[in-house]
Amino acid sequence: MIIEGKCVVSIHYTLTLEGGQIVDSSSGGPPLTYLHDTQSLIHGLERELTGKGVGDRFEIAVPPEDGYGPLDPELVQRVERSVLAEIEDLQPGMQLEARDPDGHTRFVIVQEVTETEAVLNANPPLAGQVLHFDVLVDAIREATEEELEHGHVHQEGDHSH
Ligand code: ZN
């Protein structure tokens with residue numbers, strides 16, 4: 001059986017960024033199981049999986065436009081440190097909760113800290129990044145009627161929805 005249409009696929013994967021930093025991996029745990037052809041994975045990865053069989057292994061570099069989108073420079077802001085004075089031990093990489101002018105809460109990442117300023121990034125964490133996936137197809141099976149109806153995978157012993 002190959003990956004085609006709406007079938008249930010299990011993969012082991014490692015996601016690495018351009019600089020070699022591993023951001024996500026199924027290694028040491030259960031594989032990721034998803035319903036193919038329902039856009040539950042990022043577009044570039046799902047497209048590459050089509051036609052693969054169990055045991056197939058591949059590496060793929062997914063550009064931002066097929067991943068989490070390009071970086072929006074308008075969502076990167078330089079602010080005075082004094083604005084963030086109440087945050088203890090401000091460090092690059094910290095995630096802060098911010099309120100936009102409409103009163104909505106959003107998460108921003110502290111990208112850079114200097115003595116007087118901080119750079120805050122409100123893009124999705126992986127926006128603008130080339131995503132390097134190392135993928136091994138672990139299992140493929142036909143989807144059940146119920147799974148097709150719901151549009152997602154049902155794990156064993158999970159019939160509650
Ligand atoms: Zn369901």
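Scope of this entry: the structure provided in the associated data block. Just so you know, these numbers come straight off a predicted model, no measurement behind them. (Residues numbered from 1 in each chain as written. Predicted model: local features only at pLDDT ≥ 70, side-chain atom pairs only at ≥ 80, totals over all residues. Heavy atoms only, no water.)

Points about the overall build of the chain
Here is step 1: For the chain, the helix and strand inventory stands at 2 helices and 9 strands.
Here is step 2: Listed N to C, the secondary structure of the chain is β-β-β-α-β-β-β-β-β-β-α in terms of helices and strands.
Here is step 3: The C-alpha radius of gyration of the chain comes to 20 Å, more than 25% above the 15 Å expected for a compact globule of 161 residues.
Here is step 4: For the chain, the spread of C-alpha atoms along the three principal axes comes to 60 × 35 × 30 Å.
Here is step 5: Here the chain holds 161 residues, and 32% of them are scored as buried.
Here is step 6: Within the chain, counting contacts between residues at least 6 apart in sequence, those at least 24 apart form 61% of the total.
Here is step 7: Element-wise, carbon and sulfur atoms account for 47% of the exposed surface of the chain, whose accessible area totals about 10,200 Å².
Here is step 8: Side-chain charges of the chain comprise 9 positive and 31 negative groups, with the mean position of each set lying 2 Å from the other. (Helix = DSSP H or I, 4+ residues; strand = E, 2+ residues; numbered from the N terminus. Rg over C-alpha atoms; globule rule 2.2 N^0.38 Å. Buried < 20%, exposed > 50% of the residue type's maximum accessible area, 1.4 Å probe, protein only. Contact = heavy atoms within 4.5 Å. Areas by Shrake-Rupley, 256 points an atom, 1.4 Å probe, with all protein chains shown as cover. Lys, Arg positive; Asp, Glu negative; His and termini not counted. Charge placed at Lys NZ, Arg CZ, Asp CG, Glu CD.)

Overview of the environment of V54
Here is step 1: For V54, the position within the fold is in the loop between α1 (43-49) and β4 (57-62).
Here is step 2: Between the C-alpha atoms of V54 and M1, which are 53 residues apart in sequence, the distance is 7.8 Å.
Here is step 3: Those residues in contact with V54 that sit more than four places away from it in its chain are V137, D138, A139 and I140.

Observations regarding the coordination of the zinc ion
Here is step 1: Coordination of the zinc ion by the protein is provided by H150 (ND1), H152 (NE2) and H154 (NE2), with metal-donor distances spanning 1.9 to 2.1 Å.
Here is step 2: Sequence positions of the residues that donate to the zinc ion give the spacing H-x1-H-x1-H.
Here is step 3: Classification of H152 as partly exposed rests on a relative accessible area of 31%.
Here is step 4: Owing to a relative accessible area of 8%, H154 belongs among the buried residues under this scheme. (Donors = N, O, S within 2.8 Å, 3.2 Å for Na, K, Ca; no water.)

Notes on the sheet that holds strand β6 (residues 95-99)
Here is step 1: The strand order across the open sheet built from 4 strands is β5-β8-β7-β6, with neighbouring strands paired in antiparallel fashion. For this open sheet the edge positions go to β5 (76-80) and β6, each flanked by a neighbour on one side alone. Taking the axes of each pair of neighbouring strands and ignoring which way they run, one obtains an average angle of 40 degrees across the sheet. (Pairing = 2+ DSSP bridges. Axes fitted to C-alpha atoms, helices over the stretch in contact; angles between N-to-C directions.)

Considering the side chain of D66
Here is step 1: For D66, the position within the fold is in the loop between β4 and β5.
Here is step 2: For D66, the side chain forms a polar contact with the side chain of R47, separated by 2.8 Å.
Here is step 3: Not counting residues up to four positions away in its chain, the partners in contact with D66 are I42, H43, G44 and R47. (Polar contact = N/O pair within 3.5 Å; in protein donor to acceptor, adjacent residues only side chain to side chain.)

Digging into the packing of aromatic side chains
Here is step 1: Enumeration over the complete set of coordinates arrives at 0 aromatic pairs.
Here is step 2: Residue placement shows K52 over the ring face of F58; its charged tip is 4.8 Å from the ring centre. (Phe/Tyr/Trp six-rings, centres within 6.5 Å; stacked < 30°, edge-to-face > 60°. Lys NZ or Arg CZ within 6 Å of the ring centre and 35° of its normal.)

Brief notes about unusual backbone geometry
Phi is mostly negative for residues that are not glycine, and the peptide bonds are mostly trans.
Here is step 1: Positive phi, close to 60 degrees, is recorded for Q39, a residue that is not glycine.
Here is step 2: Tracing the backbone shows Q39 in the loop between β3 (32-35) and α1.
Here is step 3: When its relative accessible area of 71% is taken as the criterion, Q39 is described as exposed.
Here is step 4: Although it is not a glycine, D89 sits at a positive phi angle of roughly 55 degrees.

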